[in-house]
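Now for the letters of each chain:
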Amino acid sequence: MTFHWPSGRPALSGCSTRLPGPGLWMIVGRNGCGKSTLFRVIAGLISPDAGTVHSTGKPALVFQNPDHQLLLPTCSSDLQLGMPATLSRHETEARVSRALADVGLAGFEERPIHTLSGGQKQRLAIAGALAGDGDLLLLDEPTALLDPEHQGDVLDVILGLCERGDHPITALWITHRLEELDRCHGAALMESGRLGPWRSGAALRSGLKRPGG
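A quick note: this is a predicted structure, and the numbers were derived from the prediction, not measured.

Draft legend 1. Spatial organisation of the overall build of the protein chain. When helices and strands are tallied, the protein chain shows six helices and eight strands. Secondary structure elements in the protein chain, listed N-terminal to C-terminal, are β-β-β-α-β-α-α-α-β-α-β-β-β-α. Against the 2.2 N^0.38 benchmark of 17 Å for 213 residues, the protein chain shows a C-alpha radius of gyration of 17 Å, consistent with a compact globule. When the backbone C-alpha atoms are referred to their principal axes, the protein chain occupies close to 45 × 35 × 35 Å. Considering the protein chain as a whole, with its 213 residues, one finds that 47% of them fall into the buried category. Partitioning the contacts of the protein chain with sequence separation of at least 6, the portion at a separation of at least 24 is 70%. Accessible surface for the protein chain amounts to roughly 10400 Å². Of this, 51% is attributable to carbon and sulfur atoms.

Put into structure tokens, the structure is as follows:
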């Protein structure tokens, strides 16, 4: 798969990969190597110049800053925004409650969003993806703006969703925090628009210096 920006600068150059299955898969790489562009192609926000994306799940993008995707005043109203309009009231309420419970926010239906902590907002953004039937979550540095406690909370939520016995999800997670690699099911290094092979997160971490820029 290839993608060039209008300026002609390449963002993806022969990028090809296949996820081994459900689980938490992390991507690490320097800024500008194509990680976020890859996510936008998978999510269908931009089209590649060449190549295709094949997915059995519905992709849903979760941004680094949840304030960029939480739009309505309460948790329930925001989750309903991405749900099918054909659902009955009972089905809608049940789906909202289930999505909130899945991310550790049970009972938050009427909670005003402005009263949530940063970690709770990020979990609500994940719940929004689930409520909209997303089962391929694309998480673009979801812990970058959180303190260590809430970083761990968000990671725990995603791991629980990936490992649950009933309909486990698949999650692709961009990270610059190398310590997070120790908890994923596999990780890959992205360089110059290409994604390397999937390896254990611990093995990849051991051979890397902290990517940055």
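This is not the end of the story, as more comes after the structure.
Draft legend 2. Inspection of the packing of aromatic side chains at higher detail. Scanning the entire structure with this criterion turns up two aromatic pairs. Centroid distance Trp25 to Trp198: 5.7 Å. Interplanar angle 65°. Geometry classified as edge-to-face. Here the residue Trp25 occupies a position in strand E3 (residues 23-28), and Trp198 occupies one in the loop between strand E8 (194-195) and helix H6 (201-206), the gap between them amounting to 173 residues. The burial state of Trp25 is the same as that of Trp198; both residues are buried. The ring of Phe108 has Arg111 sitting right over it, with the charged end atom 4.1 Å from the ring centre.

Draft legend 3. Main features of the pairing of strand E5 (residues 136-140). Most of E5 sits inside the fold, with five of its five residues counted as buried. Along E5, one buried face is formed by Leu136, Leu138 and Asp140 and the opposite face, lined by Leu137 and Leu139, is buried too. Of the pairings in the sheet, the one linking E5 to strand E6 (residues 170-174) comprises five bridges and is parallel in character. Residue Leu139 lies in a different strand from E6, and its bridge partner there is Trp173.

Draft legend 4. Representation of the nonpolar core in the model. Counting residues in each nonpolar core, the largest one holds 42 residues, and the members touching the most others are Leu24, Leu124, Ile126, Leu137 and Ile158. Among the secondary structure elements, those contributing two or more residues to this core are E3, strand E4 (59-62), helix H2 (75-80), helix H3 (89-102), helix H4 (118-131), E5, helix H5 (148-163) and E6. Setting aside its immediate chain neighbours within four residues, Ile126 contacts Val62, Val103, Leu137, Leu139, Val154, Ile158 and Leu161. Within the second largest apolar cluster, 21 residues are counted, among which are Leu12, Ile27, Ile42 and Leu195.

Draft legend 5. Fine view of the pattern of salt bridges. Taken as a whole, this structure holds seven salt bridges when the rule is applied. Of the charged contacts, one joins Arg164 and Asp102 as a salt bridge, the two residues approaching to 3.3 Å between their closest N and O atoms. With Arg164 in the loop between H5 and E6 and Asp102 in helix H3, this pair connects stretches of sequence that are 62 residues apart. Note on Arg164: relative accessible area 24%, which makes it partly exposed. Between Arg183 and Asp156 there is a salt bridge; the shortest N-O distance is 2.7 Å. Here the residue Arg183 occupies a position in the loop between E6 and strand E7 (186-191), and Asp156 occupies one in helix H5, the gap between them amounting to 27 residues. On the basis of relative accessibility, which here comes to 37%, the residue Arg183 falls in the partly exposed class. Accessibility expressed as a relative area gives 40% for Asp156, which makes it partly exposed.

Conventions used here
Residues numbered from 1 in each chain as written. Predicted model: local features only at pLDDT ≥ 70, side-chain atom pairs only at ≥ 80, totals over all residues. Heavy atoms only, no water. Helix = DSSP H or I, 4+ residues; strand = E, 2+ residues; numbered from the N terminus. Rg over C-alpha atoms; globule rule 2.2 N^0.38 Å. Buried < 20%, exposed > 50% of the residue type's maximum accessible area, 1.4 Å probe, protein only. Contact = heavy atoms within 4.5 Å. Areas by Shrake-Rupley, 256 points an atom, 1.4 Å probe, with all protein chains shown as cover. Phe/Tyr/Trp six-rings, centres within 6.5 Å; stacked < 30°, edge-to-face > 60°. Lys NZ or Arg CZ within 6 Å of the ring centre and 35° of its normal. Pairing = 2+ DSSP bridges. Core = buried A, V, L, I, M, F, W, Y, C linked by side-chain atoms within 4.5 Å. Salt bridge = Lys/Arg side-chain N within 4 Å of Asp/Glu carboxyl O.

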